[in-house]
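Here's the letter readout for the chains.
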Amino acid sequence: MKLTSIKIEKLFDLFDYEIDLDNPENVVIITGPNGFGKTMILNIIYNLFNKDFAFFHDLKFEKIELELDSKIKIIIHKTLIKQIFNLNIKFYQNDLEIDNFKLIKEEKYDFLSNNLEHNKKESIEIKKSISNEILNSINIHFIKEQRLFKQIEIHENNFYGVQKTVIVNTIESHSEELIKIIAKIIQDSFVNTQKIDNTYIDRLIDEKNIISENDYNKRLHKINEIQSKLIEFGLFNTLQKNRDYSEVDAKALLVFIKDLENKLSVFEELLQKLTLFTSILNERRFTYKSVKISKEKGFYFTTSKGEDLKLNQLSSGEQNEVVLLYELIFNTTTNLLLLIDEPEISLHITWQKEFLNDILKIAKIQNIQVIIATHAPAIVNGRWDLTLNLAEIAVL
């Protein structure tokens, strides 16, 4: 499902907005001066689909209306009656109400914000409702303004099983995450290869077709290209030994080619992402640096002299570029709504100008919808057709 528009009445008790989010390229850029609510609009979308209703009790507004494709509308209406905030959330399809629920907060008590258990109960109450299905229909990923550090929960291995929150360097966390991704793919490949090899004889006997020399050479060339790329990323040791074409062996060679293609298919998605990630970063021409991939290190950087760099030795701008790109490529899935707040932070002007091209490329590949909030004209990079200026569309 896709978000097509959002209307807000009296945001901050000031602004009325009607924002069209539907365009063929699935990318919208929201701009405007400070204080007009660029980031707040992203937060409204994020918190609604993450069912954090406490956020709406604390936000100053009267009405929010979000429209999805399939002619679905979500209307959030907030009123203050006898010092009690009423939050009514209604769901419509084809202009007919199909579900609703109400949350109440007394002005002198902030129980929805501070009592997490109560907030969880509010989510549980809509667990099996139509409204919950609609809110689950859009997956949200939010790349926030502060992205170089993040909080993670860890469990200490002791008698009490204490859980605590620690701050980690995001770029190092992403590299460690990539190590795990690679390890899982390699394990999947091992299992898949065993399964294919164990059924080789049966499939050879059952095969009725043969392969032509031209088709064999064409498919083998493509296989060699994939294997070479996997070797470059340290995921493969050596090229598969080529077998010369023979009409006598045409049936066996067909099974051989099919097996190689099936074995390599496990790496297809990861290889596409690694290629995109490394090519974009290396095209950015980091000063005397290039990015490398390995199953032991995840991603890492080397100098022009071949020396390895620690990830925290990169400049803040370089780290922002890497973190942004990693999030875009590895932490997005198809049919996702991606929210990005101020991508220009710490980025060189050249990188800012390239950012939108990267987004459009990734949005097309991943089939995702993207909403960007930015101050920087360089991020827009001439694509004013994708841009909405809040200062121009605000109604006071």
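Positions within a chain are numbered from 1, following the residues in the order the chain's sequence is written. Only residues with pLDDT of at least 70 are given local features in this predicted model, and only at 80 or more are side-chain atom pairs given and counted; all residues enter the totals for whole chains, interfaces and linings. The side-chain figures draw on all heavy atoms in the structure; neither hydrogens nor water molecules are used.

J.: I'd like a rundown of the packing of aromatic side chains, residues and numbers included.
T.: Stacked, edge-to-face and tilted are the three classes for Phe, Tyr and Trp ring pairs, Trp counted by its six-membered ring, which pair at centre distances within 6.5 Å; planes under 30 degrees apart are stacked, over 60 edge-to-face, the rest tilted. All chains considered together, the criterion is met by 14 aromatic pairs. For the pair Tyr 216 and Tyr 245, a centre-to-centre distance of 5.8 Å together with 45° between the ring planes defines the contact as tilted. One end of the pair, Tyr 216, is in helix H8 (residues 213–232); the other, Tyr 245, is in the loop between H8 and helix H9 (250–265), with 29 residues separating them in the sequence. Think of it as a cone above the ring: NZ of Lys or CZ of Arg counts as a charge over the ring if it is within 6 Å of the ring centre and within 35 degrees of the ring normal. For Arg 243, the ring lying beneath its charged end belongs to Phe 256, and the centroid distance is 5.3 Å. Between Lys 297 and the ring centre of Tyr 300, over which it is positioned, the NZ or CZ distance is 4.4 Å. Secondary structure follows DSSP: runs of H or I at least 4 residues long count as helices, runs of E at least 2 residues long count as strands, and numbering of each begins at the N terminus.

J.: So, the pattern of salt bridges: which residues are in play, and what are the values?
T.: The salt bridge definition used is simple: a Lys or Arg side-chain nitrogen within 4 Å of an Asp or Glu carboxyl oxygen. Summed over all chains, the structure comprises 16 salt bridges. One salt bridge connects Glu 261 with Arg 219, and the closest N-O pair in it is separated by 2.9 Å. With Glu 261 in helix H9 and Arg 219 in helix H8, this residue pair connects regions lying 42 residues apart in the sequence. Asp 385 is the salt-bridge partner of Arg 383, the closest N and O atoms lying 2.8 Å from each other. Relative accessible area decides the class of each residue, using a 1.4 Å probe on protein chains only: under 20% of the type maximum gives buried, over 50% gives exposed, and in between gives partly exposed. Exposure remark for Arg 383: the relative accessible area of 24% places this residue in the partly exposed category.

J.: Any chance you could break down helix H12 (residues 349–366) for me, citing the residues and the numbers?
T.: Between the first and last residue of a helix there are one fewer steps than residues, each counted as 1.5 Å, and that sum is the expected span. With 18 residues, H12 should reach 26 Å at 1.5 Å per residue; the first-to-last C-alpha distance of 26 Å fits that figure. In this scheme, the bend at a residue equals the angle between the axes fitted to the seven residues that finish there and the seven that begin there. Along H12, the largest kink reaches about 30° and is centred on Phe 355. Working rule for contacts: check all heavy atoms of both residues, and any pair within 4.5 Å makes them a contact. Where the residues of H12 are buried, they touch strand S3 (27–31), helix H10 (268–283), helix H11 (316–330), strand S14 (336–341), strand S15 (369–373) and helix H13 (377–380).

J.: Please provide a residue-by-residue account of the nonpolar core, values included.
T.: As used here, the term nonpolar core means buried Ala, Val, Leu, Ile, Met, Phe, Trp, Tyr and Cys residues forming a set that is joined through side-chain atoms within 4.5 Å. Within the largest apolar cluster, 62 residues are counted, with the highest numbers of intra-cluster contacts made by Phe 277, Phe 299, Phe 301, Val 322, Ile 340, Ile 359 and Val 370. A per-element tally of this core places H11 first, with eight residues. Setting aside residues no more than four positions away along its own chain, Phe 301 makes contact with Leu 281, Phe 286, Lys 289, Ser 290, Val 291, Glu 307, Asp 308, Leu 309, Leu 311, Leu 314 and Val 322. With 43 residues, the next largest nonpolar core counts Tyr 17, Val 28, Ile 44 and Ile 72 among its residues.

J.: Got a sec to walk through the pairing of strand S12 (residues 298–303)? Specific residues and values, please.
T.: Counting buried positions along S12 gives six out of six residues, so the element sits mostly inside the fold. As defined by bridge partners, strand S11 (residues 289–294) adjoins S12 across six bridges and the pair is classed as antiparallel. Its bridge partner being in S12, Ile 293 is matched across the sheet by Phe 299. Pairing between strands is defined by DSSP: at least two bridges between them are needed. Here S12 runs beside strand S13 (residues 308–309); their pairing, made up of two bridges, is antiparallel. Note on S13: the bridge partner recorded for Thr 302 is Asp 308. The hairpin formed by S12 and S13 contains four residues between the paired strands, and Gly 306 there has a positive phi angle of roughly 85°.

J.: A description of the packing of helix H6 (residues 170–198) against H9 should follow, citing residues and the corresponding values.
T.: Axis lines are fitted through C-alpha atoms, for helices just across the contact stretch, and the angle between N-to-C directions can take any value from 0 to 180 degrees. Axis separation between H6 and H9 bottoms out at 9 Å; the angle between their running directions is 160°. The pairing of H6 with H9 is recorded here as roughly antiparallel in orientation. Of the two elements, H6 crosses H9, and the hand of that crossing is right-handed. Here H6 contributes Ser 189, Asn 192, Thr 193, Ile 196 and Asp 197 to the contact with H9, which in turn contributes Asp 259, Asn 262 and Lys 263. Residue composition of the contact of H6 with H9, by class: one nonpolar, four polar and three charged. Here the word oblique covers every angle except those under 35 degrees (roughly parallel), over 145 (roughly antiparallel) and from 65 to 115 (roughly perpendicular). Should the near helix be turned counterclockwise from the far one by less than a right angle, the crossing is left-handed, whereas a clockwise turn marks it as right-handed. Only Asp, Glu, Lys and Arg are considered charged in this grouping, and only Ala, Val, Leu, Ile, Met, Phe, Trp, Tyr, Cys and Pro are considered nonpolar; every other residue, Gly among them, is considered polar.

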